[in-house]
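One letter stands for each residue in the lines below.
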Amino acid sequence: MEKQNPGQLNSVQLNIVTLINMERATDTGSLSDAMYMMDNSIGGKGQGTPSLETVCKQGQVINWIVRPIDMEKRLDGTWPPMPKINNIVFLDTELGDEEDVAERRIFNELKIYGMPDRVRDKYTPVYYYWAGTVMSTAKPGLYRYRVVLELEQEGKKERLYLNTSIHPSIRIIPT
């Protein structure tokens, strides 16, 4: 029987961690100067910036993890607001218009697996993530994407929805 995602099981998972300055993002309504990305890929560029380039291969699992810079329980017993990834949208960079959604699929989204967002306690870090597998048929090259975030706001029930304006990317290398 043919594997659905050849190469996936023997590949190392990549983690892309995004830190959000929640106060700055909600005050300005923008992720500009409020988002910092880093990964564990080899050969990537832009560590600590919103224009991170992650190097990966076909069939590889990528986990996008998002958390606020401030995650500590406050003295009054409350928790700071949290960010959540709503979606990762790959953009059509072949046509030069990086705002249009790509027509070809680059990823297969993985539903929540492992130990997802638990109720906060003093022993377990809590964060939100989005995970996907690079399709085995994805052509090698540079693929830009937009992160769609949902941010809790201090003292409000309404959520703030923001998209990245500077687009990070993945670089798929031939295997």
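Residues numbered from 1 in each chain as written. Predicted model: local features only at pLDDT ≥ 70, side-chain atom pairs only at ≥ 80, totals over all residues. Heavy atoms only, no water.

Some points on the sheet that holds strand β1 (residues 14–20)
Piece 1. Ordered by their spatial adjacency, five strands build an open sheet running β2-β1-β4-β7-β6, and the pairing between neighbours is mixed. Strand pairing shows two members of the sheet lacking a second neighbour, β2 (35–39) and β6 (107–110), which therefore form its edges. Geometrically, the sheet is characterised by an average inter-axis angle of 25° between neighbouring strands, direction not taken into account.
Piece 2. Where β1 meets strand β4 (residues 61–68), seven bridges bridge the pair, whose relative direction is parallel. Within β4, the position partnered with Thr-18 by the bridge is Val-66. (Pairing = 2+ DSSP bridges. Helix = DSSP H or I, 4+ residues; strand = E, 2+ residues; numbered from the N terminus. Axes fitted to C-alpha atoms, helices over the stretch in contact; angles between N-to-C directions.)

With respect to the pattern of salt bridges
Piece 1. Summed over all chains, the structure comprises three salt bridges.
Piece 2. Across the salt bridge formed by Arg-171 and Glu-53, the nearest N and O atoms sit 2.8 Å from each other. Taken together, the positions of Arg-171 in strand β10 (residues 169–173) and Glu-53 in strand β3 (residues 53–57) put the pair 118 residues apart, joining distant regions of the chain.
Piece 3. A relative accessible area of 31% places Arg-171 in the partly exposed class.
Piece 4. Between Glu-152 and Arg-159 there is a salt bridge, with its nearest N and O atoms 3.8 Å apart.
Piece 5. Through salt bridges that share partners, Glu-150, Glu-152 and Arg-159 make up one connected network. (Salt bridge = Lys/Arg side-chain N within 4 Å of Asp/Glu carboxyl O. Buried < 20%, exposed > 50% of the residue type's maximum accessible area, 1.4 Å probe, protein only.)

What to know about the environment of Ser-41
Piece 1. Here Ser-41 lies in the loop between β2 and β3.
Piece 2. For Ser-41, a relative accessible area of 12% puts it in the buried group.
Piece 3. For Ser-41 and Leu-14, which are 27 residues apart along the polypeptide, the C-alpha to C-alpha distance reads 6.3 Å.
Piece 4. Not counting residues within four places of it along the chain, the set of residues in contact with Ser-41 comprises Leu-14, Thr-54 and Val-55. (Contact = heavy atoms within 4.5 Å.)

Looking at the side chain of Glu-150
Piece 1. For Glu-150, the position within the fold is in strand β8 (residues 141–151).
Piece 2. Side chain to side chain, Glu-150 and Arg-159 meet in a polar contact 3.2 Å long.
Piece 3. Setting aside chain neighbours within four positions, we find Glu-150 in contact with Met-82, Pro-83, Lys-84, Asn-86, Arg-159, Leu-160 and Tyr-161. (Polar contact = N/O pair within 3.5 Å; in protein donor to acceptor, adjacent residues only side chain to side chain.)

Some words on the packing of aromatic side chains
By convention here, two paired aromatic rings are described through the distance between centres and the angle between planes.
Piece 1. Enumeration according to the criterion identifies six aromatic pairs in this entry.
Piece 2. On the numbers, 5.4 Å between centres and 55° between planes, the contact of Trp-64 with Phe-107 is tilted. Separated by 43 residues along the polypeptide, Trp-64 in strand β4 and Phe-107 in strand β6 bring together distant segments of the chain. Both residues of the pair, Trp-64 and Phe-107, count as buried.
Piece 3. A centroid spacing of 5.0 Å and a plane angle of 15° characterise the contact between Phe-90 and Phe-107, whose relative ring orientation is stacked. Of this pair, Phe-90 sits in strand β5 (residues 83–90) while Phe-107 sits in strand β6; the two residues are 17 residues apart in sequence, bridging distant segments of the chain. Across the pair, Phe-107 and Phe-90 agree in class, each one buried.
Piece 4. Of the aromatic side chains, those joined through ring pairs into one cluster are Trp-64, Phe-90, Phe-107, Trp-130 and Tyr-145. (Phe/Tyr/Trp six-rings, centres within 6.5 Å; stacked < 30°, edge-to-face > 60°.)

Some thoughts on the pairing of β10
Piece 1. Relative to β10, β3 runs parallel, the two being bridged by five bridges. Paired with Cys-56 across the strands is Ile-172, a residue of β10.

Here's the deal with the confidence of the model for the chain
Piece 1. Averaged over the chain, the pLDDT score is 81; the fraction of residues at 70 or greater is 78%.
Piece 2. Every residue in residues 1–10 is under pLDDT 50, and counting partners more than four places away or in other chains gives 10 contacts. (pLDDT = per-residue confidence, 0-100.)

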